[in-house]
Amino acid sequence: EELYLGYNPLGKSDTKELFSKISNFNGLKKLYINDCFISDNEIKYLTNCLTTHSRLTHLDLSSNHIQSDGAKYLGDFFAHNNSLSTIYLSYNGIGEVGVESLFRGISENTHLKKLYIRNNTLKDRGIKVISELLQNNKVLEAINLGDNEISDEGIEALCEFLKENKSIKSLNLG
């Protein structure tokens, strides 16, 4: 049910073969691929392989090299996934460009309850995008946005978002 691959420096040739084997791993509920140095191309391949996992509830991709293209692949995957409830994407480089693609997909997801996106070089513009795209999401309960570059302008956008969205029970900015 759980597969822990964390802290393994996976090379590009390693990931393709490994991820193809993961697609055949029936019953997978939790997948940890944190601190593995994977980047956008590997994320594209991983999301293709994970489409067969209808029971996957927990995905940890923290501390990799995911940037805007990887965020797009993840957003597309999250939009169509009906099982994930917890996603860890902290300590990547998603940034301002990738955040819109990522959260467009997350906004369409009806099962995600916890999202950790701490330290991803997000600024006020990205926080505004998040606030707008998640306005009507009634499932997400916890978001960790800590260690991003959020000023008073971004905080105001989050406050407006929280006035409308009553499902959020925890918002971490520290």
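Relevant structure appears above.
The present account deals with the structure reproduced in this document. (Residues numbered from 1 in each chain as written. Predicted model: local features only at pLDDT ≥ 70, side-chain atom pairs only at ≥ 80, totals over all residues. Heavy atoms only, no water.)

Notes on the overall build of the chain
When helices and strands are tallied, the chain shows 6 helices and 7 strands. Going from N to C terminus, the chain has its helices and strands arranged as β-α-β-α-β-α-β-α-β-α-β-α-β. The C-alpha radius of gyration of the chain comes to 15 Å, within 12% of the 16 Å expected for a compact globule of 174 residues. Counting only C-alpha atoms, the chain reaches 45 × 25 × 20 Å along its principal axes. With 174 residues in all, the chain has 48% of them scored as buried. Residue pairs at least 24 apart in sequence account for 84% of intrachain contacts in the chain once pairs closer than 6 positions are excluded. Split by element, the accessible area of the chain, about 8400 Å² in all, is 47% carbon and sulfur. Counting 19 positive and 23 negative side-chain charges, the chain places the centres of these two groups 6 Å from one another. (Helix = DSSP H or I, 4+ residues; strand = E, 2+ residues; numbered from the N terminus. Rg over C-alpha atoms; globule rule 2.2 N^0.38 Å. Buried < 20%, exposed > 50% of the residue type's maximum accessible area, 1.4 Å probe, protein only. Contact = heavy atoms within 4.5 Å. Areas by Shrake-Rupley, 256 points an atom, 1.4 Å probe, with all protein chains shown as cover. Lys, Arg positive; Asp, Glu negative; His and termini not counted. Charge placed at Lys NZ, Arg CZ, Asp CG, Glu CD.)

Concerning the nonpolar core
In summary, soluble globular proteins display a tendency toward joint burial of nonpolar side chains. Counting residues in hydrophobic clusters, the biggest one holds 44 residues, and the most contacted among them are Leu31, Ile33, Leu61, Phe78, Leu89, Leu102 and Phe103. Breaking this core down by element, the ones donating at least two residues are α1 (12-22), α2 (40-50), α3 (68-80), α4 (95-108), α5 (124-133) and α6 (152-164). Setting aside anything within four residues of it in sequence, one finds phenylalanine 78 in contact with Leu59, Leu84, Ile87, Leu89, Leu102, Gly105, Ile106 and Asn109. (Core = buried A, V, L, I, M, F, W, Y, C linked by side-chain atoms within 4.5 Å.)

With respect to the side chain of serine 131
Locating serine 131 in the fold gives a position in helix α5. Taking the relative accessible area as the measure of exposure, serine 131 reaches 4% and is therefore buried. The contacts of serine 131, once residues within four sequence positions are left out, are Ala157, Leu158 and Phe161.

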